[in-house]
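Each chain is listed here by its residues.
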Amino acid sequence: MSAKVFAVSNQKGGTGKTTLSMNFAAGLARRGRTLVIDADPQGSAGQWTGLAPDNRPFPVSVIAVAGNLAREVNRFRQDYQYVVIDCPPTLETETTRLAMSASDTILIPVLPSPIDLWASVRLAQTIEQAKLGNPKLGAYLVINQLEPRNALSRGMQQALAEFDIPSLKGGLRRRAVYRTSAIEGASVFCLGKRGEAAAQEIESIIEEVI
Amino acid sequence: MSQIGSKLAGSVRQAKAQQADKTTTETTPVKPATKREDVPLPSIPSRRVWPD
């Protein structure tokens, strides 16, 4: 077994990296053994699972890696089917560089706001550089907090076409249940009717990338 | 095509152009510093002091 490795990265904070990482990993765990590597020094992924009640643990193990990330990922490739790396909100760290070198696919959550779009422009260049060392690396933009009634959200697809990175057809709508899932230490898949629509969004993302 | 979509797309193009300019500036090769041995030695007039 050799795991498929996903890195969730964006240089800007607050774009939903951990929300996407955790729910995406929970969805993958329904298909095969999955691990989350919390590479963000803020440790939000670890905090998320810490809030899970004892009788309903988060369906995916989360570990923090202090040493060489690429080496650790390669070690876990044999034991898991999927590995998801929650990256720090910066491109300048060695951790982000190693995450890109060790991954098969990078998911880049972007918010429907001009400032977030402008901030993501540099990421495309970083990915191009990472591809020199890891030619099979794929990358997708994922729209987060989409509000279909909002004109700015509707204009996003047009703006994303300007990027040299393809964007997924599916995205995440702005839903309170994503925040609720964090505070309950759960994924949207465990929240029954409340999480149904969100779970479908995560499922469509998974279908597109695996 | 929505008006706001075109405006957003235009702003991304602008951000890309600015980033490209910045990268070009950053990657402009810096003229190597002149080697120490290339620098001509300063000519100091010799000064002889005779004992008398």
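Everything below is about the structure shown above.
Reading the values: rules and limits
Residues numbered from 1 in each chain as written. Chains lettered and ligands numbered in written order. Predicted model: local features only at pLDDT ≥ 70, side-chain atom pairs only at ≥ 80, totals over all residues. Heavy atoms only, no water. Helix = DSSP H or I, 4+ residues; strand = E, 2+ residues; numbered from the N terminus. Rg over C-alpha atoms; globule rule 2.2 N^0.38 Å. Buried < 20%, exposed > 50% of the residue type's maximum accessible area, 1.4 Å probe, protein only. Contact = heavy atoms within 4.5 Å. Areas by Shrake-Rupley, 256 points an atom, 1.4 Å probe, with all protein chains shown as cover. Lys, Arg positive; Asp, Glu negative; His and termini not counted. Charge placed at Lys NZ, Arg CZ, Asp CG, Glu CD. Pairing = 2+ DSSP bridges. Axes fitted to C-alpha atoms, helices over the stretch in contact; angles between N-to-C directions. Salt bridge = Lys/Arg side-chain N within 4 Å of Asp/Glu carboxyl O. Arc of directions from axis to C-beta. Polar contact = N/O pair within 3.5 Å; in protein donor to acceptor, adjacent residues only side chain to side chain.

Colleague: Is there a simple way to explain the overall build of chain A in this structure?
Modeller: In terms of helices and strands, chain A carries 9 helices and 6 strands. Relative to the compact-globule value of 17 Å for 210 residues, chain A shows a C-alpha radius of gyration of 16 Å, a close match. The proportion of buried residues among the 210 residues of chain A is 53%. Pairs at least 24 apart in sequence give 80% of the contacts found in chain A among residues at least 6 apart. For chain A, the accessible area works out to roughly 9,300 Å², and carbon and sulfur atoms hold 49% of it. The distance from the centre of the 23 positive side-chain charges to the centre of the 20 negative ones in chain A is 3 Å.

Colleague: Is there a simple way to explain the sheet that holds strand S5 (residues 105–110) of chain A in this structure?
Modeller: All names here are of chain A. Pairing within the open sheet is parallel, and its 6 strands lie in the order S3-S2-S4-S1-S5-S6. Pairing within the sheet leaves two strands with one partner each, and these edge strands are strand S3 (61–64) and strand S6 (138–143). Recorded for the sheet is a direction-independent mean angle of 25° between the axes of neighbouring strands. Pairing between S5 and S6: 6 bridges, direction parallel. Across the sheet, Ile106 pairs through a bridge with Ala139, a residue of S6. Set on the sheet, helix H1 (residues 17–29) makes contact with strand S1 (4–8), strand S2 (34–38), S3, strand S4 (82–86), S5 and S6; between it and S4 the angle comes to about 170°.

Colleague: Mind showing me how you'd approach the pattern of salt bridges here?
Modeller: Any two side chains of opposite charge can pair, given that their charged atoms come close. All names here are of chain A. For the structure shown, the criterion picks out 13 salt bridges over all chains. With a shortest N-O distance of 2.8 Å, Glu203 and Arg31 are connected by a salt bridge. Remark: Arg31 occurs in the loop between H1 and S2 and Glu203 occurs in helix H9 (residues 192–209); sequence separation between them is 172 residues. Residue class for Arg31 comes out partly exposed when judged on its relative accessible area of 28%.

Colleague: What is the right way to look at helix H3 (residues 69–77) of chain A in this model?
Modeller: Since one α-helical turn is 3.6 residues long, residues separated by three or four positions face the same way. All names here are of chain A. Within H3, the full set of buried residues consists of Leu69, Ala70, Glu72, Val73, Phe76 and Arg77. The buried residues of H3 occupy one face: seen down the axis, they fall within an arc of 160°. Of the residues in H3, the exposed ones pointing more than 90 degrees away from the buried face are Arg71 and Arg75. Against S1, S2, S3, S4 and helix H4 (94–102) lie the buried residues of H3. N-capping of H3 is provided by Asn68, with a side-chain oxygen placed 3.0 Å from the backbone N of Ala70.

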